[in-house]
Amino acid sequence: WGWYDQSLRSATNGGGYNDLRLRFPLAYRDSMQNAANKTDLPLQWLFAITRQESAFMSDARSAVGALGLMQLMPATAKQVAHGERMQIDNNQLLQPAINIRLGSIYLRDLARRYNGNRILATAAYNAGPGRISRILREQSHAINADVWIELLPYRETREYVQSVLAFSVIYSQRLGKPAPLLNNSERE
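Note that the coordinates shown come from a computational prediction; the quantities given were computed from them, not determined experimentally.

This paragraph deals with the environment of Ile100. Summarising the element assignment, Ile100 is placed in helix 6 (residues 96-113). The spatial distance from the C-alpha of Ile100 to the C-alpha of Met70 is 6.5 Å, given a sequence separation of 30 residues. In contact with Ile100, not counting residues within four places along its chain, are Tyr28, Ser31, Met32, Ala35, Leu69 and Met70.

Let's shift gears to the packing of aromatic side chains. Tallied over the entire structure, the rule returns seven aromatic pairs. Judged by centre distance (5.5 Å) and plane angle (65 degrees), the ring pair of Tyr4 and Tyr28 falls under edge-to-face. A residue pair is termed long-range when its members are at least 10 positions apart, and Tyr4 in helix 1 (residues 4-13) and Tyr28 in the loop between helix 2 (20-23) and helix 3 (29-39) qualify at 24 residues. Classification of Tyr4 by relative accessible area gives partly exposed; the value is 25%. On the basis of relative accessibility, which here comes to 23%, the residue Tyr28 falls in the partly exposed class. Geometrically, the ring pair formed by Phe24 and Tyr171 is edge-to-face, given 5.6 Å between the ring centres and 80 degrees between the ring planes. In this pair, Phe24 is assigned in the loop between helix 2 and helix 3 and Tyr171 in helix 10 (residues 155-174), connecting sequence segments 147 residues apart. Overall, Phe24 belongs to the buried group, its relative accessible area being 1%. Members of the aromatic cluster, joined through ring pairs, are Tyr4, Phe24, Tyr28, Phe47, Phe56, Phe167 and Tyr171. The ring of Phe24 has Arg51 lying over it, and the distance from NZ or CZ to the ring centre is 4.3 Å. The ring centre of Tyr154 lies 5.3 Å from the NZ or CZ of Arg131, which sits over that ring.

By the element assignment, Arg134 lies in helix 8 (residues 129-138). Only 3.0 Å separates the side chain of Arg134 from the side chain of Tyr154, close enough to count as a polar contact.

Calculation criteria
Residues numbered from 1 in each chain as written. Predicted model: local features only at pLDDT ≥ 70, side-chain atom pairs only at ≥ 80, totals over all residues. Heavy atoms only, no water. Helix = DSSP H or I, 4+ residues; strand = E, 2+ residues; numbered from the N terminus. Contact = heavy atoms within 4.5 Å. Phe/Tyr/Trp six-rings, centres within 6.5 Å; stacked < 30°, edge-to-face > 60°. Buried < 20%, exposed > 50% of the residue type's maximum accessible area, 1.4 Å probe, protein only. Lys NZ or Arg CZ within 6 Å of the ring centre and 35° of its normal. Polar contact = N/O pair within 3.5 Å; in protein donor to acceptor, adjacent residues only side chain to side chain.

Purely geometric numbers; function is a separate question.
Okay, structure coming up:
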């Protein structure tokens, strides 16, 4: 029935921690696969971001105004849509295919900004690229990725990055394409 968020909650509340099919659904797979193909992003990363953002609840609305599956702020979504020669309104951000398309393009742009580093792009997706760029400018030397994540001054972002990375590994297994937690280029 597409009640992915409810299956997540039910599996967790009911002690079904090992039922990865329920806890990590391959929701909206066609739209996710299309977005991964068009943006050249790892499919497991898109699933992990979306699961963390909304638990696949297509009509999700955050307290700060983010909308839809990938929890896009309307201004950000409109900026991305403009670059794609699209005009959108807030109601369209609640449509899965549109939200996934715009969210994946935004994530791709962040990944490009941070030279393909998923840790930095994931942190920027949550905290905003300005904040993450400032942290990097203030950093005096290269730091191991795990230490960098632990030193993030924003608790929510720290936990967000940790979850997304873990979820990416689980989704890579669910998709039959096992992948490491970090790429070689992401270790520092």
